[in-house]
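Inside the fold
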2 protein chains.
Amino acid sequence: MTGALPSVELARAYLSRVAEPPAPALVAFVALHGPQRAAALIRSGEVPAEVAKVTTARAEIWRPDADLRAAAAVGARLVTPEDDGWPAWRLLSFTAAAIRGRADAAEPVALWVRGDPDLDVAELTEQSVAIVGARAATGYGEHVSADFAHGLARRGFTVISGAAYGIDGAAHGGALAAGGRTVAVLGCGVDIPYPAGHARLLDRIAAAGAVVSEYPPGTRVGRHRFLVRNRLIAALAEGTVVVEAGLRSGASNTAATARTLGRMVLAVPGPVTSAMSAGCHAMLREGEAQVVTSVAEVAESIGRIGGDLTVEADAPVRPTDSLDPRSLRVHQALHERTGSSPEQVSMEAGIPLGQVRAVLPMLEIAGLAQRGDTGWRRRSGRSVPSQAEGGGPITPTT
Amino acid sequence: MTGALPSVELARAYLSRVAEPPAPALVAFVALHGPQRAAALIRSGEVPAEVAKVTTARAEIWRPDADLRAAAAVGARLVTPEDDGWPAWRLLSFTAAAIRGRADAAEPVALWVRGDPDLDVAELTEQSVAIVGARAATGYGEHVSADFAHGLARRGFTVISGAAYGIDGAAHGGALAAGGRTVAVLGCGVDIPYPAGHARLLDRIAAAGAVVSEYPPGTRVGRHRFLVRNRLIAALAEGTVVVEAGLRSGASNTAATARTLGRMVLAVPGPVTSAMSAGCHAMLREGEAQVVTSVAEVAESIGRIGGDLTVEADAPVRPTDSLDPRSLRVHQALHERTGSSPEQVSMEAGIPLGQVRAVLPMLEIAGLAQRGDTGWRRRSGRSVPSQAEGGGPITPTT
């Protein structure tokens with residue numbers, strides 16, 4: 001390998017195009033070498049087989065300058081793990097999920113963000129709810145989606161969705177009507193208005209929040225990419241509300257990922273005669289989601305998990321200081337030497353099992369709990385890196 | 001006390017009028033002395049203060065012959081705990097509830113039953129589901145009620161309800177349309193068609209099942225009596241489905257009693273915009289009911305609890321022989337010497353807490369579990385009296 005290393009921004013822009021996400025091998029390679037050296041190594045082909053396997057087809061395409069210009073042309077920028085605005089806290093969940101053996105769990109190598117540069121993604125998603133659901137929504141579903149989004153936006157929540165027709169569009173619209181913040185996560189480049197009928201809506205979202213994608217400019221939509229995008233929606237939000245969903249729908253997929261990442265999943269019931277509510281009812285019946293019927297219930301459910309675990313920027317804190325009372329009870333119910341099942345923790349802490357299941361991964365990320373062969377154990381905690389210090393444990397700054 | 005004792009039938013007919021149900025003191029007094037002697041003692045005023053308190057106002061009214069004639073005039077008869085057709089298995093739940101400190105838990109001293117004498121109440125309720133809900137139901141609620149009742153009746157379930165307008169009427173109608181069996185439990189005498197607009201419906205119910213009341217002929221409806229009636233609906237059915245209910249409604253009351261009696265409670269979701277579904281959603285949110293959206297789900301939920309615990313008539317059996325796999329696992333998770341909480345049992349048995357809570361009281365009734373200060377303990381089991389042998393532990397035959 002010869003020649004000067006590219007800048008971090010150029011390196012990350014290149015890395016965002018070099019493999020189809022999610023690409024755990026690429027993320028690990030970047031964590032090992034840093035983005036600049038990793039980019040140079042990939043470009044010259046000096047990579048291990050696992051990395052070559054996901055990068056070979058695109059390693060020769062070097063066009064980060066052009067991509068950054070294309071982004072700038074639509075008011076977008078590249079946000080990297082090295083930036084203050086990187087939502088490290090949310091995306092670290094992927095690392096926790098990967099530790100738990102989820103092979104496809106990989107954080108993005110960068111995010112393309114269209115919107116006001118003063119409004120960073122970390123801040124936007126700090127208090128946030130994803131509202132997702134069917135494209136072929138009913139009038140009832142669209143009404144509830146807009147109504148919930150409106151009420152949550154008024155309470156200060158950022159509404160995250162996928163800009164699709166149906167539930168997604170109604171959610172963004174409801175948040176905008178309340179003068180609130182909203183984030184659209186796309187399965188294509190941020191310079192591509194998709195769906196075409198939502199071009200004007202996407203402009204309004206960019207002006208009031210952000211349009212986000214891990215795909216470089218010009219990337220076309222694809223069925224696979226919607227599923228990959230869904231995992232990002234689940235990760236960026238504190239909790240996910242499924243308003244309407246058929247059985248085995250994209251929204252159910254987002255909800256499943258949210259559960260894997262330790263996020264609260266909420267489902268809105270509807271008429272049992274409606275196929276568009278069947279997915280929500282199935283989740284409720286299987287205990288995979290909590291029922292919610294109002295904005296107040298969503299705020300209560302989301303607010304009591306996770307949100308208070310967010311670390312303050314610029315100030316390392318003792319992790320237990322930032323625990324909400326419920327998370328603290330879960331932490332106290334764990335033992336240092338013997339493992340506990342979530343059921344045992346639920347009993348000891350007197351907290352519903354579903355909430356314990358949501359809290360434990362958050363404690364794990366905070367270094368306050370550890371999952372082992374015998375169950376969950378308490379850890380005394382460590383200082384969590386603040387956002388100003390950059391990335392997470394496997395994504396060092398360079 | 002002088003004179004010959006009345007017949008059991010006359011004694012029970014008198015006892016059904018002598019106190020406003022539920023009357024635990026009266027039931028205990030009858031269990032102690034037998035119905036004939038108890039009737040004579042009450043009539044002559046030779047009773048302890050607790051019994052006098054509930055019987056004084058009516059002790060002098062001796063009209064069992066007239067009541068039996070009034071019943072016969074509308075095709076009704078008196079069914080007593082001494083009869084084969086007494087649904088002892090279901091009504092014993094009140095005894096279990098009373099043991100657990102529920103002061104108002106008292107089985108009826110007799111049931112007035114309008115219907116085919118060849119169709120006894122024990123048989124009618126052996127495989128049964130209560131479908132209850134709001135009088136001011138929506139079109140959606142009435143549709144679901146009729147649809148569920150139709151499907152459950154076709155699967156052999158008797159549909160039990162309260163003959164009210166709205167959800168109740170739709171449930172009876174659905175069962176009748178399927179050519180199935182249905183039972184109406186009234187809060188007034190069986191000779192009074194209430195509500196008046198359902199006189200024709202009540203005739204059809206009596207022809208296809210039974211119209212049942214613990215109130216003697218001529219008793220008028222009263223607000224208090226609907227709540228007392230609701231406890232009987234909950235007791236007679238294996239499980240209760242709430243189709244539509246406002247917050248703090250009669251249906252919620254029936255559901256609460258069903259839970260107390262260890263019965264499965266199921267709730268049908270509906271639009272979150274409908275006040276008539278708010279009670280169902282509240283139960284789901286509080287974990288007080290399981291969500292159901294189809295006949296198949298109701299049959300599955302009801303079928304797996306309780307039903308298989310029913311003992312065969314005419315043949316004492318080892319209680320554990322009749323346990324379904326789930327109840328057996330709950331039984332096996334109990335310990336003989338140390339008490340367990342339902343949560344511990346849920347963990348050990350790997351069965352959801354709600355189902356454990358439903359199974360434990362059934363095991364208690366079957367003599368296979370005992371609740372004490374330290375929790376639930378296993379009992380090795382005893383032979384359960386068959387229905388042919390008559391009543392339960394505190395209602396001896398005379």
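Because the structure is a prediction, the values reported are computed rather than measured.

1. Regarding the nonpolar core
Core analysis: the largest hydrophobic core is formed by 76 residues, its most contacted members being I160(A), V242(A), L91(B), I160(B) and V242(B). Contacts of V242(A), omitting those with residues within four sequence positions, involve V132(A), A251(A), A255(A), L266(A), A267(A), V268(A), C280(A) and M283(A).

2. As for the side chain of T257(B)
Structurally, T257(B) is set in helix 12 (residues 250-260). For T257(B), the contacting residues outside a window of four places in its chain are R102(B), R231(B) and A234(B).

3. Notes on the environment of V345(B)
Position of V345(B) among the secondary structure elements: in helix 16 (residues 342-349). Here the alpha-carbon distance between V345(B) and R357(B), two residues twelve residues apart in the chain, equals 9.4 Å.

4. With respect to the relation of the copies chain B and chain A
For the match of chain B to chain A, the screw axis carries a shift of 0.0 Å, the RMSD comes to 0.2 Å, and the turn is 179°. The symmetry that links the two subunits is that of a two-fold axis. Looking at the rotation axis and the C-alpha trace of chain B, the residue lying nearest is G270(B), at 2.2 Å. A shared interface surface links the copies, since 100% of the contact residues of chain B are contact residues in chain A too.

5. Some points on the packing of helix 8 (residues 139-154) of chain B against helix 9 (residues 167-177) of chain B
All names here are of chain B. Orientation of helix 8 relative to helix 9, taken along the N-to-C sense of each, is 35°, at an axis distance of 7 Å. The handedness of the crossing between helix 8 and helix 9 is right-handed. Where helix 8 approaches helix 9, its residues G141, E142, S145, A146, A149, H150 and A153 are matched on the opposing element by I167, A170, A171, G174, A175 and A177. Taken together, the residues of the contact of helix 8 with helix 9 break down into eight nonpolar, four polar and one charged.

6. Some details on the interface of chain B and chain A
Quite often, the size of an interface is put as the accessible area lost when its parts meet. Contacts between the two partners involve 22 residues from chain B, matched on the other side by 22 residues from chain A. Summed over both partners, the interface of chain B with chain A buries about 1,700 Å², with 70% contributed by carbon and sulfur atoms. Contact with chain A buries area across many residues of chain B, yet V272(B), R285(B) and M347(B) alone supply 40% of it, more than any other trio. Across the chain B-chain A interface, the total number found is four salt bridges. E300(B) is the salt-bridge partner of R285(A), the closest N and O atoms lying 3.4 Å from each other. Our count for the chain B to chain A interface comes out at ten residue pairs in polar contact (both at pLDDT 80 or more). Those elements that place two or more of their residues in the side of chain B that touches chain A are helix 8, helix 13 (278-285), strand 9 (290-291), helix 14 (295-303) and helix 16 of chain B. Broken down by class, the residue content of the side of chain B that touches chain A amounts to ten nonpolar, eight polar and four charged.

7. Brief notes about the sheet that holds strand 9 of chain B
Residues and elements named next belong to chain B. Pairing is mixed in the open sheet, where nine strands are placed in the order 1-2-6-5-4-3-7-8-9. Two strands close off the open sheet at either side, each with one partner strand: strand 1 (76-79) and strand 9. Note that strand 4 (residues 158-161) and strand 5 (residues 182-185) share three bridges and pair parallel. When the bridges of strand 5 are listed, I160 appears paired with V183. Docked against the sheet, helix 14 engages strand 3 (128-132), strand 7 (239-242), strand 8 (264-267) and strand 9, running at close to 165° with respect to strand 8.

What counts, and where the lines are drawn
- Residues numbered from 1 in each chain as written.
- Chains lettered and ligands numbered in written order.
- Predicted model: local features only at pLDDT ≥ 70, side-chain atom pairs only at ≥ 80, totals over all residues.
- Heavy atoms only, no water.
- Core = buried A, V, L, I, M, F, W, Y, C linked by side-chain atoms within 4.5 Å.
- Buried < 20%, exposed > 50% of the residue type's maximum accessible area, 1.4 Å probe, protein only.
- Contact = heavy atoms within 4.5 Å.
- Helix = DSSP H or I, 4+ residues; strand = E, 2+ residues; numbered from the N terminus.
- Least-squares fit on C-alpha atoms with pLDDT ≥ 70 in both.
- Axes fitted to C-alpha atoms, helices over the stretch in contact; angles between N-to-C directions.
- Left-handed = near helix turned anticlockwise from the far one by under 90°.
- Nonpolar A, V, L, I, M, F, W, Y, C, P; charged D, E, K, R; others polar.
- Buried area = accessible area lost by both parts, 1.4 Å probe.
- Salt bridge = Lys/Arg side-chain N within 4 Å of Asp/Glu carboxyl O.
- Polar contact = N/O pair within 3.5 Å; in protein donor to acceptor, adjacent residues only side chain to side chain.
- Pairing = 2+ DSSP bridges.

Keep in mind these values describe shape, not function.
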